[in-house]
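Analysis of the macromolecular model
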Amino acid sequence: MIGGSMKSLLRQYGPSLLSGALLALAFPKWGLHPAAWIALVPLLVHMRGASPKQAFGHFLVAGWVFNSLVLHWLAANVYWAGGWAIFGYQALCLILALFWGVTGMAWTLLRIRLPRMAGGVCFALLWAAMEFLQAHLFSGFGWCAVAYSQGPNLPLAQWAAVGGAPLVSAMAAACNAWIAASISGWIDGGERRWFSTARPIACAGIMMAAAHGIGWWMLGEPDYTTRPFSAGIIQTNFSLEMKWDREYTAEMVRNAAQKSRWLAQHGPVDLFVWPEAAVMANVDEPRIWPELSGLVKDTKSYLFTGSGHENEKTGGSPNASCLIDPNGMVVDYYDKVHLVPFGEYVPFAKYLPFIQQVVPAIGDVEFGSELKILKARGRSFGPLICFEVLYANLAERLRRMGADFLVVITNLGWFGQSSAIPQEFELARMRAIETRLPLVHCANTGISGVFDPWGRFTPVAGVFGPSGMYANYAGRLTTEQTIMQRLAASLPVPAPAKRPVPYGPAAFPWMALGVSVLIFLYGVFRPKEGSHPPRPRSRRKERA
């Protein structure tokens, strides 16, 4: 009896489970990015005759499986926050799955009212709108956008410079919808089976071929001569236990400064970049400041680092970063403006005070007030701290404010060697492509290096051994092999590039959302295909 029920459930929800799992395989660490072009096909074919209510349930299941697999690294928070972290992890996955459910319901409602070929475009726009809303509603968490699985496919990823990550996701969604339409046509086509099968799949093939061809054409070569600049990147690889132990605060600064000095002795460094929370105290503390000021004065270089910082006006402690100039003067601080809900602050804390008692590991970080542009050696850079790289609008605003490269400092030591690190790395790649700005990526535990404006990546690959000896493994280490390593290198930062559609990445998501609403309203009020009453025969024909 139980076995029969299980078989029935698998038969009913198998395609949903399969689609969720296949799409997850497109993301790091699995990295099978072509799977994103076909992953949703089993779900869409299975839903070809479903009601909106049924589609909601099946898309919900697929979304829950997908998000649970992609975000499995959130379960690591059990170590820091206790068993409640599992409930939080699954609550987030279910919330994200609800977006899938609503999208599936809307798609099913429209599918029976729109021509088959228009269905692919409709599904693509609905999907782009869904991911845009996921990234913005309730503080936003668009970590699982399909586009972030396509970073290694550089020709396709170039479309992010035209319409942002949502456009790349929309292309993958359209491909899925057209392939599913072909299969559905073959199953239900009757006498016109071949014709109804060929058109949609031909459309998918032409679109993907054209997208890759034009993407190759959009790829350019980085310019290292117009604005020559070098970044000395230090991947410190300090454990969180060390960071929260004040006995090691000065030692971590000394260690990073020692490796920075070594870099400066073996090549030019305009700006040293240390990761988020590299300095676990105010930079002007007597046991820290001599090391920091001595480094910049001796090397004649700037230093940008994650640091402690106290807001003099409020007394709060933001997640801060600091730029120090070659004269040993603090130029400015940048305080993180977009904090992580339940990680760095509690939403509606005044109304939900019990949450901090239930989850004692929650942080209490003060919001920064504004984005900033910092200058070093004739170049202007826009800083982003950790999860801020998730928000395309922040990178877009920094470009408009005058940044000619971005600097992302992060610390994902919370999640060990999980796929959180390569997934965050792909987010950074997409921000570089969208803005056509080079991006310096400096992580505590990996992956560190420099993206050019087209998303090509040069990793930091200078390895320090236990005795302090340095070996450069450039060209021999993959990005995965740099995780959880203590690394350093001085890498060139190219000039920014021109964008093919300057305001496209910011405009397309809003356009997709607006058109999706219009299509939905049109579909709701338009009669179903085949439901039109038959036309009356003319009187001439009746007389004949």
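Residues numbered from 1 in each chain as written. Predicted model: local features only at pLDDT ≥ 70, side-chain atom pairs only at ≥ 80, totals over all residues. Heavy atoms only, no water.

Attention shifts here to helix H3 (residues 52-70). Its 19 residues give H3 an end-to-end C-alpha distance of 26 Å, which sits within 8% of 27 Å, the value for a rise of 1.5 Å per residue. Taken together, the buried positions of H3 are occupied by Ala-55, His-58, Phe-59, Ala-62, Gly-63, Val-65, Phe-66, Asn-67, Ser-68 and Val-70. (Helix = DSSP H or I, 4+ residues; strand = E, 2+ residues; numbered from the N terminus. Expected span 1.5 Å × (residues − 1). Buried < 20%, exposed > 50% of the residue type's maximum accessible area, 1.4 Å probe, protein only.)

Our focus in this paragraph is the sheet that holds strand S9 (residues 439-443). Strand pairing in a sheet relies on backbone hydrogen bonds. The paired strands run either parallel or antiparallel. Spatially, the six strands line up as an open sheet ordered S6-S7-S8-S9-S10-S11, and their pairing is mixed. Lying at the two open borders of the sheet, with one neighbouring strand each, are strand S6 (374-376) and strand S11 (457-459). Between one strand axis and the next, the sheet turns by 25 degrees as a mean value, whatever way the strands run. Bridge analysis of strand S7 (residues 379-385) against strand S8 (residues 405-410) gives five bridges, and the strand direction is parallel. Across the sheet, Phe-381 pairs through a bridge with Phe-405, a residue of S8. Across the sheet, helix H14 (residues 392-400) is in contact with S7 and S8; its angle to S7 comes to roughly 160 degrees. The sheet contacts of helix H15 (residues 420-435) involve S8, S9, strand S10 (449-451) and S11, and relative to S9 the element is tilted by about 165 degrees. (Pairing = 2+ DSSP bridges. Axes fitted to C-alpha atoms, helices over the stretch in contact; angles between N-to-C directions. Contact = heavy atoms within 4.5 Å.)

The pairing of strand S4 (residues 320-324) with strand S5 (residues 330-335) spans five bridges and is classified as antiparallel. Residue pairing for S5: Ser-321 is matched across the bridge by Tyr-334. The hairpin formed by S4 and S5 contains five residues between the paired strands, and Gly-328 there has a positive phi angle of roughly 80 degrees.

Quick look at the pattern of salt bridges now. By the definition in use, this model includes 14 salt bridges. Among the ionic pairs, Glu-285 bridges to Arg-246, the shortest N-O distance being 3.4 Å. Here Glu-285 is found in the loop between strand S2 (271-273) and helix H12 (289-299), whereas its partner Arg-246 is found in the loop between helix H10 (240-243) and helix H11 (249-265), with 39 residues between them in sequence. Close ionic contact of Arg-254 with Glu-251 constitutes a salt bridge, the shortest N to O distance being 2.6 Å. In this pair, Arg-254 and Glu-251 are both assigned in helix H11, three residues apart and thus about one turn of the helix distant. (Salt bridge = Lys/Arg side-chain N within 4 Å of Asp/Glu carboxyl O.)

A separate point is the environment of Ser-418. Considering the arrangement of structural elements, one finds Ser-418 in the loop between S8 and H15. Since its relative accessible area comes to 15%, Ser-418 is described here as buried. Reaching out from Ser-418, the side chain makes a polar contact with the backbone oxygen of Phe-415 at a distance of 2.8 Å. (Polar contact = N/O pair within 3.5 Å; in protein donor to acceptor, adjacent residues only side chain to side chain.)

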